[in-house]
Amino acid sequence: MPAPPSRVTLCVDPTTARAYHDASQADRERAESAFALSLRGKREAAEELSRYMDEVGRAAQERGLTPELLDEMLSEDPPSDEK
């Protein structure tokens, strides 16, 4: 059985607040669901990116990349496009 919903207070502009208060119960529930899905999607995407970056970091270390080598590579001047 899913946990009961938690109440959250948001600050919005007056026009958005009025539209929410004037909406039907069904429309408010749809807006709340859309908001929840949007936040969850962003969090899940950030967590996935973090896992991917950890994986890339481990693979780079296994191939011999050290913090010192990375610092050196990042401090080098980029190659110029002059011909």
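Small disclaimer: the values here were computed from a predicted structure and weren't measured. (Residues numbered from 1 in each chain as written. Predicted model: local features only at pLDDT ≥ 70, side-chain atom pairs only at ≥ 80, totals over all residues. Heavy atoms only, no water.)

(A) Seen up close, the side chain of Arg-28. Locating Arg-28 in the fold gives a position in helix H2 (residues 25-62). Buried within the structure, Arg-28 lacks any salt-bridge partner; its nearest side chain of opposite charge belongs to Glu-32, at an N-O separation of 5.7 Å. Look past the residues within four positions of Arg-28 in its chain and what remains in contact with it is Tyr-20, His-21 and Ala-23. (Helix = DSSP H or I, 4+ residues; strand = E, 2+ residues; numbered from the N terminus. Buried < 20%, exposed > 50% of the residue type's maximum accessible area, 1.4 Å probe, protein only. Lys, Arg positive; Asp, Glu negative; His and termini not counted. Salt bridge = Lys/Arg side-chain N within 4 Å of Asp/Glu carboxyl O. Contact = heavy atoms within 4.5 Å.)

(B) The arrangement of a nonpolar patch on the surface in detail. A cluster of nonpolar side chains, Val-8, Leu-10, Val-12, Phe-35 and Leu-39, forms an exposed patch at the surface whose accessible area comes to about 460 Å². A relative accessible area of 45% means that Val-12 is categorised as partly exposed. (Patch = residues over 30% accessible without salt bridge, like charges linked within 9 Å, V, L, I, M, F, W, Y side chains within 5 Å. Areas by Shrake-Rupley, 256 points an atom, 1.4 Å probe, with all protein chains shown as cover.)

(C) Region of interest: the environment of Leu-74. With respect to the helices, strands and loops of the structure, Leu-74 is situated in helix H3 (residues 67-75). Classification of Leu-74 by relative accessible area gives exposed; the value is 64%. Separated by 30 residues in the primary sequence, Leu-74 and Glu-44 place their C-alpha atoms 29 Å from one another.

The analysis is restricted to geometry; functional conclusions fall outside its scope.
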